[in-house]
Amino acid sequence: MNAYVVHPMLLQANAASGMAVHDDCKLKFLELKAKRTYRFIVFKIEEKQKQVIVEKLGEPSQSYEDFTASLPADECRYAVYDFDFVTAENCQKSRIFFIAWSPDTSRVRSKMIYASSKDRFKRELDGIQVELQATDPTEMGLDVIRSRAS
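Given the structure is predicted, the values throughout are model-derived calculations rather than measurements.

Draft legend 1. The arrangement of the pairing of strand β2 (residues 40-46) in detail. Within β2, five of the seven residues are buried, which leaves the element mostly enclosed by the surrounding structure. Bridge analysis of β2 against strand β3 (residues 51-58) gives seven bridges, and the strand direction is antiparallel. Of the residues in β3, the one forming a bridge with I45 is V52. Linking β2 to β3, which pair antiparallel, is a turn of four residues; within it K50 sits at a positive phi near 55°. Two elements, β2 and strand β4 (residues 77-86), share four bridges in a ladder whose sense is antiparallel. Along β4, the bridge assignment pairs F40 with Y81.

Below, the structure is given as structure tokens:
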């Protein structure tokens, strides 16, 4: 009988795309969720290392416009945004959005990798409340975020 040793890092890889999730992604997300240390996090797939990494962290004082400006116009990204709002009953609330940014102008290979890795990556981030898929800026405008938050 043959015995195989499986490297622990391989256990974290996504069977569909072979993409691993860097521990920093989960740690920074927990800080955003529990401590509200960040307003947003932009994640990038490093194709050579076959893993999702943190690309950018947004300070709590940064705006939604700062967040959207941090997404490249022609490359795919995952992002998490902590959206604060006031309800019709005048209650302060917040929703954590997961945004799959896949602009029309990005490479087909990149779109495929991001699409096939999305669900697995999203499962690693426990506490996502709203998911949004966007191919151009109008699909994730502040009006869209507000309407999906409530």
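Draft legend 2. Structural view of the side chain of R77. By the secondary structure assignment, R77 is in strand β4. Polar contacts involving the side chain of R77 include one to the side chain of E55, which spans 2.8 Å. Beyond its immediate sequence surroundings of up to four residues, R77 is in contact with V42, F43, K44, E55, L71, P72, I99, A100, W101 and Y114.

Conventions and cut-offs
- Residues numbered from 1 in each chain as written.
- Predicted model: local features only at pLDDT ≥ 70, side-chain atom pairs only at ≥ 80, totals over all residues.
- Heavy atoms only, no water.
- Buried < 20%, exposed > 50% of the residue type's maximum accessible area, 1.4 Å probe, protein only.
- Helix = DSSP H or I, 4+ residues; strand = E, 2+ residues; numbered from the N terminus.
- Pairing = 2+ DSSP bridges.
- Polar contact = N/O pair within 3.5 Å; in protein donor to acceptor, adjacent residues only side chain to side chain.
- Contact = heavy atoms within 4.5 Å.

Any functional reading would require information beyond the geometric quantities listed.
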